[in-house]
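Spelled out from the first residue to the last, the chains are:
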Amino acid sequence: MSDAQRAPWRIQGRTGEWEVVIGLEVHAQVTSRAKLFSGASAEYGAAPNAHVSFVDAAFPGMLPVINGECVAQAVRTGLALGATVNRWSRFDRKNYFYADLPAGYQISQYQHPVIGEALVEVPLEDGSSVTIGLERIHLEQDAGKSIHDAAADASLVDLNRAGVALMEIVSKPDMRSPAEAGAWVRHLRATMRYAGACDGNMEEGSMRADVNVSVRRPGGPLGTRCEIKNVNSVRFVQSAIDFEARRQVELLEAGEAIRQETRLFDPDRGETRALRSKEDAHDYRYFPDPDLPPLVLEDAFIEACRASLPEMPGAKRARYVEALGLTPYQAGVLTAEVETARWYEALLAEAARAQGVAESAVAAKCANFLITDLFGGLNRLGRDLADSPVTPAQGAELLALQTDGTLSGPLAKQVFEAMLETGRDPSAIVEERGLRQVTDTAAIGEAIAAVLAANPDKVAEYKAGKDKLMGFFVGQVMKAMGGKASPGVVNELLKSALG
């Protein structure tokens, strides 16, 4: 979608409209057992300084050795986004001092990243999409963690995270609204989860975003940007952009200049605040790391990475719409998270097998069950799909019991609620609670006769032309039979009796 095609997100100031320009640098922790340049564990949640090697602690004479799996994960991510894979890349030293950066520099990639440019189509919540430029993906090592509230008179340092592999995914300044920035983060997270390159857990810090925001008059030259560091949720990314853009507009309209600086987002107050002046690249004194040779990738390695990729979200969405007949909305919901897509496809395969039909014949029913019934039930329980008491096989069995007439819609809802509560198979619940649908025409006919005999005035009104009373009669018969009567049989016999 071009700028001209976008629904503009503008800030109305005292002096006219302003446009926001956004670029994101997303830091994603690479899925790997070991760190980028050492064999120390990269597992999250260990006791402080339990996963620290001599390399991570920057002991003299310790040499880094590249972790090939981390390189493969970066290449897989680049391929999944349709980006250029650079067969020659290089690691540099980025020099700055933090107490939790033992070497006094970070090993990163600057001018020669492993992954180059791409144009990425990103789905938006309204069903449209926007094209966002990917500038680069480079590998780098993470710093440690300073802990300021564990001791009254000192700050402590935990180096477990030091040396953990990160991918920094840098966009072009192509986003024009908080919604587009949120969609970009969600798309990156989904893509990396599908590829298995990052778990995308923003709460644990395995994925976080640095948000660059500037404002300008619509279509004018770029303004001075401010960077908001380490934002750890999609909602906070969007809130930070909204506040920061409005802050900059207020300053400019008051005749003040925007200072290029690094800021933090306070989620409790919903505002950004200054942290430090923003460094330029020359402030870091980059130079090639003398301990690491250039990274040279062979075609066979790249093709092996490509072959290991599963079907990506975009391709899966298109297949769900074209081959399975789902709506774009359904396809979007089902492919937003890899866990949801896997659950749906397991349900679809089980349902098709149980009913002896093609997957396309039950695709819509399976989608409705997962999106409406299961997601609704899990929300009430405060649980997620990974913790669902209902399995795909049980969901397929429930749908089959509806299809073969064992359960009516209302009875199926009763059985489903029992499944959520107990985790038991639907057939067992049906037998135990006697919830099988009644199709016995004699029994239903007796109930109809009793209802008509008890409501002669309503019968007369119906025969006089008040057709809407059919719903009343159906409801009374279903009530008399405890909701177990087949609605189809009830309707057929009622029409005959009243005709």
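Relevant structure appears above.
Owing to the predicted nature of the structure, the values given are computational and were not obtained by experimental measurement.

**Student:** Would you mind showing me how to read the state of the cysteines here?
**Tutor:** Cysteine pairs can be linked by a disulfide, which is a covalent bond between their two sulfur atoms. Applying the stated criterion to the full structure yields zero disulfides. No disulfide involves C305; its sulfur sits 12 Å from the nearest other cysteine sulfur, which is in C70.

**Student:** Sorry if this is basic, but what is going on with the packing of helix α8 (residues 359-381) against helix α9 (residues 392-403) here?
**Tutor:** Describing two packed helices takes the angle between their axes plus the distance from one axis to the other. The geometry of α8 relative to α9 is characterised by a closest axis approach of 11 Å and an angle of 120° between their N-to-C directions. In terms of their interaxial angle, α8 and α9 are classed as oblique. In the crossing of α8 with α9, the sense of the turn from one axis to the other is right-handed. Contacts between α8 and α9 involve K365, C366 and F369 on the former and, on the latter, G395, L398, L399 and T403.

**Student:** So what exactly am I meant to see when it comes to the environment of L324 here?
**Tutor:** With respect to the helices and strands, L324 occurs in the loop between α5 (313-322) and α6 (328-335). L324 gets classed as buried once you look at its relative accessible area, which sits at 11%. Each C-alpha atom of the pair L324 and E359 lies 7.3 Å from the other, and the pair is 35 residues apart in sequence. The contacts of L324, once residues within four sequence positions are left out, are R319, Y344, L348, E359, S360 and A363.

**Student:** Sorry, what's going on with the packing of aromatic side chains here?
**Tutor:** Aromatic ring pairs are reported here in terms of the distance separating the ring centres and the angle at which the planes meet. If you walk through the whole model with that rule in mind, you get 10 aromatic pairs. Centroid distance Y96 to Y98: 5.0 Å. Interplanar angle 75°. Geometry classified as edge-to-face. With 5.9 Å between their ring centres and 50° between their planes, F236 and F265 make a pair best called tilted. With F236 in helix α3 (residues 234-253) and F265 in strand β13 (residues 261-266), this pair connects stretches of sequence that are 29 residues apart. Of the two residues examined, F236 and F265, each falls in the buried class. An aromatic cluster is built from Y96, Y98, Y110, Y284 and Y286, whose rings are joined through pairwise contacts. We note R217 situated over the ring of W18; from NZ or CZ to the ring centre the distance is 3.8 Å.

**Student:** Sorry, what's going on with the pattern of salt bridges here?
**Tutor:** For side chains of opposite charge, pairing can occur when their charged atoms come near one another. In the structure shown here, the tally under the stated rule is 34 salt bridges. Between K458 and D457 there is a salt bridge; the shortest N-O distance is 3.9 Å. Residue D457 is classed as partly exposed on the basis of its relative accessible area of 42%.

**Student:** Mind showing me how you'd approach helix α11 (residues 426-433) here?
**Tutor:** Since the α-helix advances by 3.6 residues per turn, residues separated by three or four positions end up pointing in the same direction. All of the buried residues along α11 are P426, I429 and V430. Buried residues of α11 fall within an arc of 100° about the axis and therefore sit on the same side. For α11, the exposed residues lying more than 90 degrees away from the buried face are E431 and E432. Elements that come into contact with the buried residues of α11 comprise α9 and α10 (409-422). In the segment just after α11, G434 is the residue with positive phi, at about 60°.

**Student:** Teacher, can you tell me more about the packing of helix α7 (residues 338-355) against α9 here?
**Tutor:** The geometry of α7 relative to α9 is characterised by a closest axis approach of 8 Å and an angle of 40° between their N-to-C directions. Viewed along their axes, α7 and α9 adopt a mutual orientation that is oblique. In this structure, α7 meets α9 at a crossing whose hand is right-handed. Across from W343, A346, L347, E350, A351, A354 and Q355 in α7, the residues of α9 making contact are P392, A393, G395, A396, L399, A400 and T403.

What counts as what
Residues numbered from 1 in each chain as written. Predicted model: local features only at pLDDT ≥ 70, side-chain atom pairs only at ≥ 80, totals over all residues. Heavy atoms only, no water. Disulfide = S-S within 2.5 Å. Axes fitted to C-alpha atoms, helices over the stretch in contact; angles between N-to-C directions. Helix = DSSP H or I, 4+ residues; strand = E, 2+ residues; numbered from the N terminus. Parallel < 35°, antiparallel > 145°, perpendicular 65-115°, else oblique. Left-handed = near helix turned anticlockwise from the far one by under 90°. Contact = heavy atoms within 4.5 Å. Buried < 20%, exposed > 50% of the residue type's maximum accessible area, 1.4 Å probe, protein only. Phe/Tyr/Trp six-rings, centres within 6.5 Å; stacked < 30°, edge-to-face > 60°. Lys NZ or Arg CZ within 6 Å of the ring centre and 35° of its normal. Salt bridge = Lys/Arg side-chain N within 4 Å of Asp/Glu carboxyl O. Arc of directions from axis to C-beta.

On their own, these measurements won't tell you what the molecule is for.
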